[in-house]
Amino acid sequence: GWLSLAFSCGCLGSATTLQAVVQNAPGATATWNFGDPASGASNTATGLTATHVYSAAGTFTATLTLTVPGVAAPLVVMQVVTVNALSTVNLGLARQLCAGQEVVLQAGNQPAGTTYRWQDGSAGSTFTARAAGTYTVTVTSAQGCSTTASTTVAVLPAATVSLGRDTTLCLQNPLVLRPSAQPAGTTYRWQDGSTTPTLEVLNPGTYAVSVTQPGGCTAQDALVVSSARCPFTIPNIITPNGDQRNETFV
């Protein structure tokens with residue numbers, strides 16, 4: 001009745017403490033074997049209180065050898081120690097959003113009893129990010145072991161494009177539609193499926209373009225082209241003076 005053991009069940013990566021409580025045995029010495037040979041030289045320790053960081057999650061048998069002055073044989077006591085695994089949490093790589101978009105961050109499939117805490121204090125298993133910033137979640141298992149993961153979200157400027165105002169097409173001349181200036185690497189798609197930066201218009205109608213900038217953000221614009229009789233100039237060499245030269249204009 002003069003020896004008892006106290007220990008704490010730990011989480012992987014944290015120290016597990018074992019303590020031999022000895023009464024009425026002055027000068028007693030203790031040697032520990034933590035049952036974790038993968039930890040190398042750290043697998044043993046001396047002293048009535050010892051700590052050990054186990055190399056893996058699982059169940060281990062720690063052995064205490066207690067030597068008491070005046071007692072012929074050492075006392076050997078074994079204690080089963082459970083080391084709980086940490087949750088696996090990965091919020092993914094940094095993301096880029098276009099203005100007005102959102103992304104749902106997920107802490108992954110976790111066992112029943114798991115709790116969550118995000119950077120804003122919310123406790124759902126997912127978080128919807130709409131603004132630029134760093135997002136962090138701490139996942140705590142039912143056994144009390146916590147793991148934290150983070151990711152960042154950037155928001156790109158909104159894409160814009162303009163074809164200008166509705167315009168008139170002179171039937172004898174083609175019209176070239178030119179979108180407003182775009183960053184290098186922008187791609188284009190017109191209403192007819194063409195992908196050139198400009199579009200030559202030969203007929204009246206409604207014309208539209210969609211641009212996709214290098215970051216993936218898109219914008220659209222359209223305009224209406226109408227046909228018209230365009231102004232013209234009568235040459236100043238018409239001389240209806242009866243000399244049969246340059247008398248009329250057609």
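For the structure, check the block above.
So, here's what we can say about the structure. The numbering scheme is per chain: residues are counted from 1 as the chain's sequence reads. Note on the predicted model: pLDDT of at least 70 is required for a residue's local features to be given, and 80 or more for side-chain atom pairs to be given and counted; whole-chain, interface and lining totals, by contrast, use all residues. Side-chain figures throughout are based on the complete set of non-hydrogen atoms in the structure, without hydrogens or water.

## Some details on the environment of L18
Here is step 1: The helix count covers DSSP runs of H or I at least four residues long, the strand count covers runs of E at least two residues long, and both are numbered beginning at the N terminus. Position of L18 among the secondary structure elements: in strand β3 (residues 15-22).
Here is step 2: Separated by 104 residues in the primary sequence, L18 and S122 place their C-alpha atoms 36 Å from one another.

## Focus: the sheet that holds strand β19 (residues 205-212)
Here is step 1: Ordered in space as β15-β20-β19-β17, the 4 strands form an open sheet in which the pairing is mixed. Strands with a single pairing partner mark the edges of an open sheet, and in this sheet they are β15 (167-170) and β17 (187-190). Averaged over all neighbouring strand pairs, the angle between strand axes comes to 30°, with direction disregarded. Pairing between strands is defined by DSSP: at least two bridges between the two strands are required. Interaxial angles span 0 to 180 degrees and are taken between N-to-C directions of axes, which are lines fitted to C-alpha atoms, for helices over the stretch in contact.

## Re the nonpolar core
Considering soluble globular proteins, one finds that nonpolar side chains tend to be buried as a cluster.
Here is step 1: Formed by 19 residues in total, the largest nonpolar core has its most connected members in L177, W190, V201, Y207, V209 and V225.
Here is step 2: When contributions to this core are tallied by element, the ones reaching two or more residues are β16 (175-177), β17, β18 (199-201), β19 and β20 (218-228).
Here is step 3: Any two residues having at least one pair of non-hydrogen atoms within 4.5 Å are treated as being in contact. Filtering out sequence-adjacent residues up to four positions away, V225 remains in contact with T167, L169, L175, V201, N203, P204, G205 and Y207.
Here is step 4: Buried Ala, Val, Leu, Ile, Met, Phe, Trp, Tyr and Cys residues form a nonpolar core when they are joined through side-chain atoms within 4.5 Å. Between buried and exposed lies partly exposed: a residue is buried under 20% and exposed over 50% of the maximum accessible area for its type, with that area taken using a 1.4 Å probe on protein chains only. Counting residues in each nonpolar core, the second largest holds 16 residues, with L18, A28, W32 and F34 among its members.

## As for the sheet that holds strand β9 (residues 95-98)
Here is step 1: In spatial order, the strands read β9-β14-β13-β11; together these 4 strands make up an open sheet with mixed pairing. Two strands close off the open sheet at either side, each with one partner strand: β9 and β11 (115-118). Averaged over all adjacent pairs, the angle separating strand axes in this sheet is 25°, with direction ignored.
Here is step 2: With 4 bridges connecting them, β9 and strand β14 (residues 146-156) associate as parallel partners. Bridging from a neighbouring strand, C98 pairs with L156 of β14.

## Remarks on the state of the cysteines
Here is step 1: A pair of cysteine sulfur atoms is labelled a disulfide when the two atoms are within 2.5 Å. All chains considered together, the criterion is met by 2 disulfides.
Here is step 2: At a sulfur-sulfur separation of 2.0 Å, the disulfide partner of C11 is C145. Classification of the bridge connecting C11 and C145 rests on its S-S torsion, roughly -90°, and on that basis the disulfide is left-handed. Taken together, the positions of C11 in strand β2 (residues 10-11) and C145 in the loop between β13 (133-140) and β14 put the pair 134 residues apart, joining distant regions of the chain.
Here is step 3: In this structure C11 comes out as buried when scored by relative accessible area, which is 16%.
Here is step 4: The partner cysteine of C98 in its disulfide is C217, sulfur to sulfur 2.1 Å.

## Examining the pattern of salt bridges
Here is step 1: Here, a salt bridge means any side-chain nitrogen of Lys or Arg that lies within 4 Å of a carboxyl oxygen of Asp or Glu. Scanning all chains against the criterion turns up 1 salt bridge.
Here is step 2: The residue E102 makes a salt bridge to R130 at a minimum N-O spacing of 2.9 Å. In this pair, E102 sits in the loop between β9 and β10 (103-106) while R130 sits in the loop between β12 (126-129) and β13, placing the two residues 28 residues apart along the sequence.

## Quick word on the pairing of strand β4 (residues 29-33)
Here is step 1: Burial along β4 is one-sided: A30 and W32 are buried, while T29, T31 and N33, pointing the other way, are not.
Here is step 2: Note: β4 against strand β7 (residues 58-67), 5 bridges, orientation antiparallel. By the bridge assignment for β7, T31 is matched with T65.
Here is step 3: Taken together, the 3 bridges between β4 and strand β5 (residues 44-46) define a ladder with antiparallel strand orientation. By the bridge assignment for β5, W32 is matched with A45.

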